[in-house]
Structure formats: structure tokens, C-alpha cells
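# Remarks on the overall topology
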Amino acid sequence: MHVVQGIGDASDPALPGSMLDALSSNIAILDSDGRIVAVNEAWAHFVTLSDFDLENLGLGADYMSLPNALHASDSAAIDEGLRALWGNEPSPFRLEYETGGAVGRYWVRLSAVRVGEGEKPLLIVSHEDITPPAPRPGRPWPGDGGAAACRGRRTPPYRP
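Residues numbered from 1 in each chain as written. Predicted model: local features only at pLDDT ≥ 70, side-chain atom pairs only at ≥ 80, totals over all residues. Heavy atoms only, no water.

Per the secondary structure count, the protein chain includes four helices and seven strands. Ordered by position from the N terminus, the helices and strands of the protein chain form the series α-β-β-α-α-α-β-β-β-β-β. The contacts in the protein chain between residues at least 6 apart in sequence include a share of 34% that link residues at least 24 apart. When the accessible area of the protein chain is evaluated, it comes to approximately 10100 Å², of which 54% is carbon and sulfur surface. (Helix = DSSP H or I, 4+ residues; strand = E, 2+ residues; numbered from the N terminus. Contact = heavy atoms within 4.5 Å. Areas by Shrake-Rupley, 256 points an atom, 1.4 Å probe, with all protein chains shown as cover.)

Take a look at the structure:
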């Protein structure tokens, strides 16, 4: 975090939590055992609206089991990337993957960074929905025939 010296009180203990809650991405903080130790309001909202069977918003749950439970297309890559961060690989780890649940299939950009050195670092894991919005009547996708190209995949053209 970058702070202007002499402006505000960056030592306020509420600041880190408030900063995470201000972000729209779903964020989970993991301990060195892969357990979820903190989440932001966006994560809480997402879990509440989803079909996940996570008690207490997932606090204390094994995060490393979630990609398989969510049927993430790249669950092995997620596991490998996060474990590499715990093994002192340089941060950040980023991956875009497809997943789904009761709301259907969607795309997520995962970004993770290691915080702290030594034997018990934390990981901050951010999940951002990057699914392109569905075209609406009168507002087709730019390009040829209303088809959308997004990160190497094509979605079918809108048909009313």
C-alpha cells in the first residue's frame, strides 16, 4: 500500500479490511495450509447467492478443494500455481478459467499474491468475473454479424 505521509491514519486497524471490502472482486485470504482465514464483502455476497455448500462463508474451509468442487476447467493449474506461490515462486499468479454452478457457466480471472516471508505466508486470492455480457437487442457485439471474440473463444451471435 502506498500512503501519503501526514494525511490520514494508515495505522488504523480497520483499514486493511475496509480496503478489501471496497473491491468488487471476490477475495479470499488463505493461510499456509490453504484454509480460508478471511474474505471480503464481495466474496460473502457471491457465496450467499451461489449454490456453494460453504458454512460460515467458507471461513476455515480448505480452499484447495474448491476448484474441483466448482468444476473449474483448469483446477489442476490453479492448484499448481497456488502451491508454487507457497513454495516462494514470484508473485503474482494469474489464470483465466471457465467454471459454473446453478447460474450457468462463466469465466473467472484468478490473481493471487503471497504476503509475508518465512514458513507461514498468506495468499491473497482474487476472483473477477470476466464473462462478456450477453448482447441485447439493438446492441449487437462489435464486429462481424454480432459475434463476439473474447480471449480466444467465440460466443454464438445473438439471435432474438
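Glancing now at the confidence of the model for the protein chain. Confidence in the prediction of the protein chain, expressed as mean pLDDT, is 74, and 69% of residues score 70 or more. Across residues 1–7 the pLDDT falls below 50, and counting only partners more than four positions away or on other chains, this stretch makes three contacts in the model. Confidence drops under a pLDDT of 50 for residues 143–160, and excluding neighbours within four residues, the segment shows 26 contacts in the predicted structure. (pLDDT = per-residue confidence, 0-100.)

Counted at 1.5 Å a residue, the expected span for helix α4 (residues 75–86) with its twelve residues is 16 Å, and the 17 Å between its end C-alpha atoms agrees. Burial in α4 covers these residues: S75, I78, G81, L82, L85 and W86. Taken end-on, α4 shows its buried residues confined to a sector of 145 degrees, consistent with a single buried face. What points out from α4, more than 90 degrees from its buried face, is the exposed set A76 and E80. (Expected span 1.5 Å × (residues − 1). Buried < 20%, exposed > 50% of the residue type's maximum accessible area, 1.4 Å probe, protein only. Arc of directions from axis to C-beta.)

Its location among the elements puts L85 in helix α4. What makes L85 buried here is its relative accessible area of 1%. Between the C-alpha atoms of L85 and R114, which are 29 residues apart in sequence, the distance is 6.1 Å. In this view, L85 contacts P90, S91, F93, A112, V113, R114 and L123; residues no more than four positions away in its chain are not counted.

Before going further, it helps to examine the nonpolar core. Within the largest apolar cluster, 23 residues are counted, with the highest numbers of intra-cluster contacts made by L30, W43, Y63, L82, L110 and V125. Looking at this core, the elements with two or more residues in it are β1 (26–30), α2 (41–49), α4, β3 (93–101), β4 (104–115) and β5 (122–129). Those residues in contact with L82 that lie beyond four places of it in its chain are Y63, M64, F93, A112, L123 and V125. (Core = buried A, V, L, I, M, F, W, Y, C linked by side-chain atoms within 4.5 Å.)

One can find A42 in helix α2. On the basis of relative accessible area, A42 is assigned to the buried category, the value being 15%. Remark: the alpha-carbon pair of A42 and L23, spanning 19 residues in sequence, is separated by 7.4 Å. Apart from residues no more than four positions distant in its own chain, A42 is found in contact with L23, S24, S25 and N26.

A word on the pairing of strand β2 (residues 36–39). Note: β1 against β2, three bridges, orientation antiparallel. Pairing of I29 across the sheet is with A38, part of β2. Linking two consecutive strands that pair antiparallel, namely β1 and β2, is a turn of five residues; a positive phi of about 85 degrees is found at G34 within it. (Pairing = 2+ DSSP bridges.)

Now for a nonpolar patch on the surface. Together, V37, V113, V115 and L122 make up an exposed nonpolar region whose accessible area comes to about 260 Å². Within the fold, V113 resides in strand β4. (Patch = residues over 30% accessible without salt bridge, like charges linked within 9 Å, V, L, I, M, F, W, Y side chains within 5 Å. Salt bridge = Lys/Arg side-chain N within 4 Å of Asp/Glu carboxyl O.)

Right, let's talk about the pairing of β1 for a bit. In terms of burial, β1 is a largely internal element, five of the five residues being buried. Alternating residues of β1 divide into N26, A28 and L30 and I27 and I29, and every residue in both groups is buried. In this sheet, β5 lies alongside β1 in antiparallel orientation, the contact comprising five bridges. Pairing of A28 across the sheet is with V125, part of β5.

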